[in-house]
Amino acid sequence: MSVFAAERTVAINAVLRASEVCQKVFKQLVSTETITKKDKTPVTIADFSAQAVVNTILYKSFPNDPIVGEEDSGDLRDEPLDEEKLLDAIDRGSYPGGSQGRMWTLDPIDGTKGFLRGEQFAVCLALIVGGNVQLGVMGCPNLPVDFNAPEGERGCLFIAEKGQGAFQRNFSSTEETKIHVSDISSVSEASFCESVEAAHSSHDDSAQIASLLGMTKPSLRMDSQCKYCSVSRGDADIYLRLPTRADYEENIWDHASGSILIQETGGEISDINGKPLDWSLGRTLKANKGIVAANSKIHSKVIEACNKHFNK
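Residues numbered from 1 in each chain as written. Predicted model: local features only at pLDDT ≥ 70, side-chain atom pairs only at ≥ 80, totals over all residues. Heavy atoms only, no water.

Under an unreviewed UniProt entry, the protein chain has the name 3'(2'),5'-bisphosphate nucleotidase and belongs to Rhizophagus irregularis. Recorded under Sequence similarities (unreviewed entry), the UniProt text for the protein chain is reproduced unchanged: "Belongs to the inositol monophosphatase superfamily." Per UniProt, the protein chain has the following entry under Cofactor (unreviewed entry): "Mg(2+)". (UniProt positions renumbered as here; feature names shortened; annotations may be inferred.)

Spelled out as structure tokens, the structure:
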């Protein structure tokens, strides 16, 4: 039985509404000119709008729950705006995190470059209780409903609750379909899902690890936590995020919803040393290095290859 049925319903509504806001901003403000000039104004507007929408909906239902959000309204408060309620809604995401009680963590637009290109981005929301992720909902407005029909319907929600499995539903329907990671046991048959941007995860290291594992399939490359969604439904087999510098700390909002999605679809997730992800240390995963997500049959083999590569 669902322990967080009310939270699940509210989170779905919040993520769906925020996803629709992002789509409207894209249609109205993103043009060839904004992309050519590398104008990030549309993504800034969408980011703040999505966070305000989600935070307002969460506050209405759970006024005592703090929120760890990516954005704050500092950049906007310098402008002569009268919309104090809007700014206050955005700033509800300033909680420092920690190991006690309940908190939500939100990335209003994960994959800003993907958003501007009209490709993959995600609205990512998770509920953390006592330092453990209990619920995750992700909206992926541009992700094909069916990986094998890329020109077909787009727009998916992914929902995972601890101990309750994980599901996909379309933006256009409330019907949920249970999903599962791939069940391959031979790592040489696997494919990576990794970042488009080399600055986000080291492609060179990934290629060398793939070689160690005997992998030959091309990587599925996309922006945002949509990578978690793709692995969770078996489009690809391994999500590998390798640190591009030694001192980098992953933000909890970049991985919380994706982590429970992997776990509830039969997969395993850890850092590159095989350590569980620690959500209790504030706004970042400061005790962890990198991310490896895969089905449980091959996860340990990927960890072994990472250790061999980085400790050579």
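Still to come is the rest of the account.
Q: Which parts of the structure should I look at to understand the packing of helix α7 (residues 203-213) against helix α10 (residues 299-310)?
A: How two helices pack is summed up by the angle between their axes together with the distance between the axes. α10 packs onto α7 with a crossing angle of 120° between their chain directions and a minimal axis gap of 9 Å. What the angle tells us is that α7 and α10 run oblique. Between α7 and α10 lies a crossing of right-handed hand. Of the residues in α10, those in contact with D205, Q208, I209, L212 and L213 of α7 are K301, V302, A305, C306, K308, H309 and F310. Grouping the constituent residues of the contact of α7 with α10 by class yields seven nonpolar, two polar and three charged. (Axes fitted to C-alpha atoms, helices over the stretch in contact; angles between N-to-C directions. Helix = DSSP H or I, 4+ residues; strand = E, 2+ residues; numbered from the N terminus. Parallel < 35°, antiparallel > 145°, perpendicular 65-115°, else oblique. Left-handed = near helix turned anticlockwise from the far one by under 90°. Contact = heavy atoms within 4.5 Å. Nonpolar A, V, L, I, M, F, W, Y, C, P; charged D, E, K, R; others polar.)

Q: I would appreciate a short explanation of the layout of surface pockets in the present structure.
A: The rolling of a water-molecule-sized probe over the atoms marks out the regions of remaining empty space. Size it by volume and the second largest pocket reaches roughly 240 Å³. Every residue lining the second largest pocket is counted, 17 residues in all, and those nearest its centre are N132, K162, Q263, L277 and W279. Looking at the lining of the second largest pocket, the elements with two or more residues in it are β4 (132-144), α9 (256-264) and β11 (267-270). Here the element with the most residues in the lining of the second largest pocket is α9; it accounts for four residues. Of the residues contributing to the lining of the second largest pocket, the split by class is six nonpolar, seven polar and four charged. Structurally, the lining of the second largest pocket is a two-domain feature, drawing no fewer than three residues from each of domain 1 (5-178) and domain 2 (187-310). (1 Å grid on protein atoms, 1.4 Å probe; cavity = no way out; pocket = protein on both sides within 12 Å on 5 of 7 lines; lining within 4 Å. Points joined across faces, edges and corners; volume = space filled by probe spheres on them. Domains from an automatic or database assignment.)

Q: I'm lost on the sheet that holds strand β6 (residues 166-170) in this one. Help?
A: Whether parallel or antiparallel, the strands of a sheet pair through hydrogen bonds between backbone atoms. Across the sheet, seven strands lie side by side as β1-β2-β3-β4-β5-β6-β7; this open sheet has mixed pairing. Both outer strands of the open sheet, β1 (67-69) and β7 (177-178), are each paired with one neighbouring strand and no more. Sheet topology places β6 next to β7; two bridges connect them, and they run antiparallel. In the strand pairing of β7, F167 is matched with K178. Of the strands in this sheet, β1, β2 (102-110) and β3 (122-129) are in contact with helix α3 (residues 41-61), which crosses β2 at around 155°. (Pairing = 2+ DSSP bridges.)

Q: Please explain the packing of aromatic side chains as it appears in this structure.
A: Centre distance and the angle of the planes are the two values used to describe a pair of aromatic rings. Enumeration over the complete set of coordinates arrives at four aromatic pairs. Between F115 and F121, the aromatic rings sit 5.0 Å apart at their centres with planes inclined by 85°, giving edge-to-face as the arrangement. With relative accessibility at 0%, the residue F115 sits in the buried group. For F121, a relative accessible area of 2% corresponds to the buried category. Each residue in the set F26, F115 and F121 is aromatic and connected to the rest through ring pairs, giving one cluster. Positioned over the ring face of F62 is R102, at 5.4 Å from the centre of the ring. The ring of F310 carries K289 above its face, with NZ or CZ at 5.7 Å from the centroid. (Phe/Tyr/Trp six-rings, centres within 6.5 Å; stacked < 30°, edge-to-face > 60°. Buried < 20%, exposed > 50% of the residue type's maximum accessible area, 1.4 Å probe, protein only. Lys NZ or Arg CZ within 6 Å of the ring centre and 35° of its normal.)

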